[in-house]
Amino acid sequence: MTPSDRSEDAPEFAIETVALAKTYRTGSGGTVRALNGVSLQVPRGSIFGLLGPNGAGKSTLINILAGMVVRTSGSARIWGADIDTQMRRARSAIGIVPQEVNLDAFFSPREVLEVQAGLYAVPKSERRTMEILDALGLADKADAYARSLSGGMKRRLLIAKALVHSPPVVVLDEPTAGVDVELRRQLWAYMRTLNDEGVTIVLTTHYLEEAEEMCDRIAIIDNGEQIACEDTPALIGRLDQRTLTITVQEALIRLPAPLAACGAELNGDRTLIFRFSPSRTSVGELLAVVQGLGLTVADLATRDADLEDIFLRLTGMDDAAPRTAGHNDPLAGAAALARTDPKL
């Protein structure tokens, strides 16, 4: 059954968690909190990004949804079905693409999909084995041993395996890890096609530019805590920061005082770098200072804040990433204000 077939009774949220928590016991008798009160609402029909550093709790959350890990507290629903009290419905509504390759080395892709379809009780007349393999570029390998496939092909086969029962929700845990650029484009083209057909896509990835381009909405988890969950443009818009790079024709021995007052940096003897808040300072104002010193602008470029900037800021990793540092912002103390802003 396709998502469009279920549209009449489709829930508002494809996935919904409320105060979801998971605590593991250690061998020494202590405990480790992997998830701490995570509440998410994944809109039906969206492409939703779930981001966080290694060990943040993303895989724990996915494994709870997949039924591989038992939650400690809280609740979760998939396509309106509670993962505990309506387990069969919940599991039939989701397809999981894991990070690890978990294929039988002696099964062919055709056999892998046929077995998986049988486990989900998909009637033979409704199986789409070759259609799925063809869509993922594996049709010519349908009868080859899985062990003979390349790493990228194995990852595509995992995606195919998750789609055999036509789930309305697909979770991809690092789907493009180890996949070359061309295959990555093919995968995302297919995911967009699925999304256009009504399938909700949940994505975890360390390719932040990929998440920024693909995802309608993004949640960030760090140390088991949910620290953000917003539409992608709104999330990026939290960081009121822009970088202006100006190349001048004249060689500069030192940074003129008016430029230093604006927080400019001198890179080499002709390149000026300004990091500023566009809500308080305009590019025109900075250009006016440069030209007021009799300097001739040979070239300029601007770079707005992106998902990587906000990710590093929210997870406290920005000190290790010089390009996001804002201590030279012409707005005195703007970076400090950003760090203490409760929205950040």
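One can find the structure itself at the top, above this paragraph.
Residues numbered from 1 in each chain as written. Predicted model: local features only at pLDDT ≥ 70, side-chain atom pairs only at ≥ 80, totals over all residues. Heavy atoms only, no water.

### Quick look at the sheet that holds strand β14 (residues 297-304)
Ordered by their spatial adjacency, four strands build an open sheet running β12-β13-β11-β14, and the pairing between neighbours is antiparallel. Either end of the sheet is taken by a strand with one partner, and the two such strands are β12 (265-267) and β14. The sheet shows a mean angle of 20 degrees between the axes of neighbouring strands, direction not considered. Relative to strand β13 (residues 271-276), β12 is paired through three bridges, and the arrangement is antiparallel. Bridge pairing in β13 places L266 opposite L272. (Pairing = 2+ DSSP bridges. Helix = DSSP H or I, 4+ residues; strand = E, 2+ residues; numbered from the N terminus. Axes fitted to C-alpha atoms, helices over the stretch in contact; angles between N-to-C directions.)

### Description of the packing of helix α3 (residues 109-119) against helix α5 (residues 151-163)
Closest axis-to-axis distance for the α3/α5 pair is 9 Å, and the angle between their directions is 25 degrees. It follows that α3 is roughly parallel to α5 by the angle criterion. The interaxial crossing formed by α3 with α5 has right-handed handedness. Each of P109, V112, L113 and Q116 in α3 lies in contact with α5, whose residues at this interface are L157, A160 and K161. Here the residues of the contact of α3 with α5 sort into five nonpolar, one polar and one charged. (Parallel < 35°, antiparallel > 145°, perpendicular 65-115°, else oblique. Left-handed = near helix turned anticlockwise from the far one by under 90°. Contact = heavy atoms within 4.5 Å. Nonpolar A, V, L, I, M, F, W, Y, C, P; charged D, E, K, R; others polar.)

### Here's the deal with the nonpolar core
Ranked by internal contacts, the top residues of the largest apolar core, which has 51 residues, are L157 and L307. Setting aside residues up to four positions removed in sequence, L307 forms contacts with L51, L208, A211, E212, I218, L235 and I236. Counting residues in each nonpolar core, the second largest holds 30 residues, with L35, L40, L65 and C229 among its members. (Core = buried A, V, L, I, M, F, W, Y, C linked by side-chain atoms within 4.5 Å. Buried < 20%, exposed > 50% of the residue type's maximum accessible area, 1.4 Å probe, protein only.)

### Observations regarding the environment of I132
Counting through the fold element by element, I132 comes out in helix α4 (residues 129-135). The class for I132 is buried, based on a relative accessible area of 1%. Separated by 32 residues in the primary sequence, I132 and V164 have C-alpha atoms spaced 7.7 Å apart. Ignoring any residue separated from it by four or fewer positions in sequence, one finds I132 in contact with L113, A160, L163 and V164.

Geometric descriptors of this kind do not, in isolation, establish any biological role.
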